Amino acid sequence: MGLFWITFLLTYSVMHLYAFLKAKAAFAFHIATGIFLILFMVAMIFAPAIVRISEHHGLEYTARIISYIGYAWMGILLLFIPVSFIIDLYRFALYLLKRRLRRDLVSFVPSAKLSFLIPLAFSALIASYGYFEAKNIHTDKIIIRTSKIPEEVGKLRIVQISDVHLGLIVREEKLKRILKEVKTANPDILVSTGDLVDGQIDSLTGLTELFKEIHPRYGKFAITGNHEFIAGFNQSLDFTEKAGFTVLRGEGLTVSGLINIAGVDDPAGKLYGLFRDVREKELLSGLPGDKFTLLLKHRPLVDENALGLFDLQLSGHTHKGQIFPYSLLTKIYYPAHAGYLNLFNNSSLYVSSGAGTWGPPIRFLSPPKITVIELIHEDVK
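The following refers to the structure shown.

Another point: the sheet that holds strand β10 (residues 339-342). As summarised here, the arrangement of the six strands in space is β6-β7-β8-β9-β11-β10, forming an open sheet in which the pairing is mixed. Here the strands that pair on one side only, and so sit at the sheet edges, are β6 (251-255) and β10. Each strand axis lies, on average, 20° off the axis of its neighbour in the sheet, ignoring direction.

So this is what it looks like as structure tokens:
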């Protein structure tokens, strides 16, 4: 995790420096104001690390206050940067045009103050909207017709939740909203594809009881995401199991003779010496080939050697970028970063945009979702 924190702090520091210089150009404030703003920004840069340290030492109230302030600020800054940068590009384009045409275009150039206030107002407005968008849980529905579901059963309904990130910010209110949608879907099987928890989870008392209100006919199954290891693996595993999930770690099983479900660990476990390194091809080859095979894998990366051995891979992790335009970046790293995709050899992939939030408690153009997958025998109308 050392490399992650170094990269994060350097990138986040550059973003703050850019915002500071924009503010200084806009208002030309005095030294005292500048020092105050620098101290505030330094505190915000290190806020995520301070949150983790506070959690580790059991200072939950302190960690929660800092997380709300720090991550709300992060959301505003993440929105401010691209809008401000677009305005800077516009100003630069006018500068080049002015030199080429040898004409005074000053009336078309926004002032330094306006160049700061426009993106600031825009980011505050979008962050406010995104806060409420993050609360509004949507439901995706996928229908797959297959001969691998027994005709006498006719239909199996699977509900996927992913990236809930229960912790300091995502708490009981948000979980109730998510589970309300799950209950409405009335699943035969409930699966969690990782990052159910986030951060230290000692005090998430009562949340397991909410999960126990969900009683799918054929059970609840979960896998690890990267945050299960970050949060503290033993705590995460204990929480997930108390919530009624069977955790699959490089394991597969046939549920009630109807469907194969296999799950693999997230590679983040390697950093902690906890990763169960099981080859997907070997894992899936050991399951009955005449049954529909569901592969649970947190990151939307497909093992080409396993194609044809699973029917549907369910993944998450990307949050679909969570805040536009950062979805453009996640799509570069994970080309299949959201939605349903047909692969090869009759395999397919579905990537959930997630039900919760990481960091800023906001979403923009990436609504939180649960997913309902209906497996229907091909002859059933």
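There's more to say after this.
We now examine the sheet that holds strand β2 (residues 155-161). The strand order across the open sheet formed by six strands is β1-β12-β2-β3-β4-β5, and the pairing between neighbours is mixed. Of all strands in the sheet, those bounded by a partner on one side alone are β1 (138-146) and β5 (246-247). Of the pairings in the sheet, the one linking strand β3 (residues 189-192) to strand β4 (residues 220-222) comprises three bridges and is parallel in character. Residue pairing for β4: S192 is matched across the bridge by A222. The sheet contacts of helix α6 (residues 172-185) involve β1, β2, β3 and β12 (369-377), and relative to β2 the element is tilted by about 175°.

Here the residue pair F324 and P325 is connected by a cis peptide bond, since its omega of 15° sits within 30 degrees of zero. Within the element layout of this structure, P325 appears in the loop between β9 (312-315) and α11 (327-333). Within the chain, H165 stands out as a residue other than glycine whose phi angle is a positive 60°. If you trace the backbone, H165 turns up in the loop between β2 and α6. One non-glycine residue, D195, adopts positive backbone phi at about 55°. Positionally, D195 belongs in the loop between β3 and α7 (207-211).

Quick look at helix α9 (residues 233-242) now. When α9 is considered as a whole, its buried residues turn out to be F233, S236, L237, F239 and T240. With its buried residues spanning 165° around the axis, α9 presents them on a single face. The elements touched by buried residues of α9 are α7, β4, α8 (226-231) and β5. Downstream of α9 by one or two residues, G244 has phi in the positive range, about 100°.

In a soluble, globular protein the nonpolar side chains are often hidden away together inside. Of all hydrophobic cores here, the largest spans 27 residues; its most connected members are I161, L166 and F211. At the level of secondary structure, the elements contributing two or more residues to this core comprise β2, α6, α7 and β12. Not counting residues up to four positions away in its chain, the partners in contact with I161 are I178, V182, L190, V191, S192, T193, L196, F211, F245 and I370. The next biggest cluster of nonpolar side chains, apart from the first, holds 25 residues, and it includes Y12, A26, A127 and I362.

Criteria and thresholds
Residues numbered from 1 in each chain as written. Predicted model: local features only at pLDDT ≥ 70, side-chain atom pairs only at ≥ 80, totals over all residues. Heavy atoms only, no water. Pairing = 2+ DSSP bridges. Helix = DSSP H or I, 4+ residues; strand = E, 2+ residues; numbered from the N terminus. Axes fitted to C-alpha atoms, helices over the stretch in contact; angles between N-to-C directions. Contact = heavy atoms within 4.5 Å. Buried < 20%, exposed > 50% of the residue type's maximum accessible area, 1.4 Å probe, protein only. Arc of directions from axis to C-beta. Core = buried A, V, L, I, M, F, W, Y, C linked by side-chain atoms within 4.5 Å.

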